[in-house]
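# Structure at a glance
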Amino acid sequence: MKKTNRYVLTVHSVNSLCAGMKRIVFTGKDLQPFANTPPGSYLKLLFNQFGEPVHCTLDSKQKLLVRTYTVRHFDQQHQLLTIDFMLHGGTVEDGPASYWASTATIGDKIAVQGPGFSKNISQQGDWVLLMGDLTALPAISAQVEALAADSQGYVILAVEDEITDLRITTPPGIQIIQIKAEDHHALASALHDIEWLSGLPSVWAACEFSSMRVIRSELDEQFEIPRSQVYLTSYWRKGRSEDQHKIDKRQDMEDYSTLR
Ligand SMILES: Cc1cc2nc3c(=O)[nH]c(=O)nc-3n(C[C@H](O)[C@H](O)[C@H](O)COP(=O)(O)OP(=O)(O)OC[C@H]3O[C@@H](n4cnc5c(N)ncnc54)[C@H](O)[C@@H]3O)c2cc1C
């Protein structure tokens, strides 16, 4: 992602999506690069070293904190960009992005850079399996809405409390299963509870770092799914800020690729 693609967004509306999640719709100028991006593209919210939102697009020498969020939806006609924030902790020290989202009101401004593109679910499988926690709900929702109408498979979501209205439009052959986010084994355990469809699945999962590692070893060792069919990533790590998590993630990828 080029650092120069910066925009200032203004909060247009704030709504609760479900317990612990907020949907914020932003307006901005020159947001055209967010049109026609693949589903699940992301942007980076910019904060200063004190965890306060940056309000301008000028490059400065100060060290910025960046926090990654999925573009849930972009309305090109009205230049409205939607982000769904999972809320955790109640202070800026607990996480500047979550804190900012929890206190944001209409008219607030924040600088962002993007868009960036993530890897989406492979189109090569016979059926699909998308998994994640609430941080991945926006990326999963955007991808599911882009699936072919005759797609078959599952979305497995780890949630604290069942969500009655997920606001996803799914093809009829996709079943959404919500499981209790008890610990980092919850998503991997759910792999054993679904009825595996015939043929090869395409798997896409994003969640907490330790959960991702358990899913990965389960898919490798128990289900023996070819790597080409799988995209697994972690979106955050318990006890680590995004900057620290990025370092852990890089190391984990190196270790994993030398093992295989
Ligand atoms: C490509 C990508 C897309 C993402 N899209 C979204 C999205 O659309 N919505 C969304 O909510 N998140 C999303 N995330 C996850 C989000 O970037 C992280 O949760 C990020 O760490 C939040 O920043 P923060 O400033 O709130 O906390 P940080 O300063 O990064 O972390 C502070 C503390 O909070 C903890 N923490 C961070 N996230 C969580 C969490 N979710 N639950 C509990 N504790 C947490 C950390 O372990 C750390 O101890 C995405 C991540 C990636 C890589």
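Since the model is a prediction, treat every value here as computed from it, not as a measurement.

### Concerning the overall build of the protein
Along the backbone of the protein there are five helices and 12 strands. For 260 residues, the compact-globule estimate of 2.2 N^0.38 gives 18 Å, and the C-alpha radius of gyration of the protein, at 18 Å, lies within 12% of that figure. Dimensions along the principal axes, computed over C-alpha positions, put the protein at roughly 50 × 40 × 35 Å. When burial is assessed residue by residue, the protein has 33% of its 260 residues classed as buried.

### Some thoughts on the domain arrangement of the protein
Partitioning the protein into domains gives domain 1 (6-116) and domain 2 (127-259). Between the C-alpha centres of domain 1 and domain 2 the distance comes to 24 Å. Contacts between the two partners involve 12 residues from domain 1 and, on the opposite side, 14 residues from domain 2. For the side of domain 1 that touches domain 2, the elements supplying multiple residues, two or more each, are β4 (65-70) and β6 (80-86). With three residues, β4 is the largest single contributor of residues to the side of domain 1 that touches domain 2. When grouped by side-chain class, the residues that make up the side of domain 1 that touches domain 2 number five nonpolar, four polar and three charged.

### Comments concerning the nonpolar core
Membership of the largest hydrophobic core comes to 57 residues, with the highest contact counts inside it found for Leu 81, Val 112, Leu 130, Leu 187, Ala 205 and Cys 207. When residues of this core are assigned to domains, at least three fall in each of domain 1 (6-116) and domain 2 (127-259).

### Some thoughts on unusual backbone geometry
Cis geometry is found at the peptide bond from Gly 114 to Pro 115, where omega equals 0°. Of note, Asp 30 is a non-glycine position whose phi angle comes to about 55°, a positive value. Residue classification places Asp 30 among the exposed residues on the basis of 9 C-beta atoms within 10 Å. With a phi close to 55°, Gln 79 is a non-glycine residue in the positive phi region. Mapped onto the secondary structure, Gln 79 falls in the loop between β5 (73-75) and β6. Using a count of 17 C-beta atoms within 10 Å as the deciding quantity, one classes Gln 79 as partly exposed.

### Thoughts on the site of the ligand
In the vicinity of the ligand, 26 residues are found, and the nearest of them are Thr 70, Met 86, Gly 95, Ala 97 and Ser 98. If you list the elements that add at least two residues to the shell around the ligand, you get β4, β6, α1 (96-103) and β12 (230-236). The biggest single contributor to the shell around the ligand is β4, with four residues. Class assignment for the residues of the shell around the ligand results in nine nonpolar, 10 polar and seven charged. Inspection of the shell around the ligand shows a minimum of three residues originating in each of domain 1 (6-116) and domain 2 (127-259).

### Brief notes about helix α2 (residues 137-145)
With eight of nine residues buried, α2 is to be regarded as a mostly interior element. Along α2, the residues classified as buried are Leu 137, Pro 138, Ala 139, Ile 140, Ser 141, Ala 142, Gln 143 and Val 144.

### Details of the sheet that holds strand β8 (residues 127-132)
What the five strands build is an open sheet, ordered β10-β9-β8-β11-β12; its pairing is parallel. Strands at the two margins of the open sheet, each flanked by one partner only, are β10 (174-180) and β12. Pairs of neighbouring strands in the sheet enclose a mean axial angle of 10°, with direction left out of account. Here β8 runs beside strand β9 (residues 153-159); their pairing, made up of five bridges, is parallel. What sits directly across from Leu 129, in β9, is Tyr 154. Against the sheet, α2 makes contact with β8, β9, β10 and β11 (201-208), and its axis sits at roughly 160° relative to β8, the strand it touches most.

Conventions used here
Residues numbered from 1 in each chain as written. Predicted model: local features only at pLDDT ≥ 70, side-chain atom pairs only at ≥ 80, totals over all residues. Helix = DSSP H or I, 4+ residues; strand = E, 2+ residues; numbered from the N terminus. Rg over C-alpha atoms; globule rule 2.2 N^0.38 Å. Buried ≥ 20, exposed ≤ 12 C-beta atoms within 10 Å, placed from the backbone. Domains from an automatic or database assignment. Contact = placed C-beta atoms within 7 Å. Nonpolar A, V, L, I, M, F, W, Y, C, P; charged D, E, K, R; others polar. Core = buried A, V, L, I, M, F, W, Y, C linked by C-beta atoms within 7 Å. Near = placed C-beta within 6 Å. Pairing = 2+ DSSP bridges. Axes fitted to C-alpha atoms, helices over the stretch in contact; angles between N-to-C directions.

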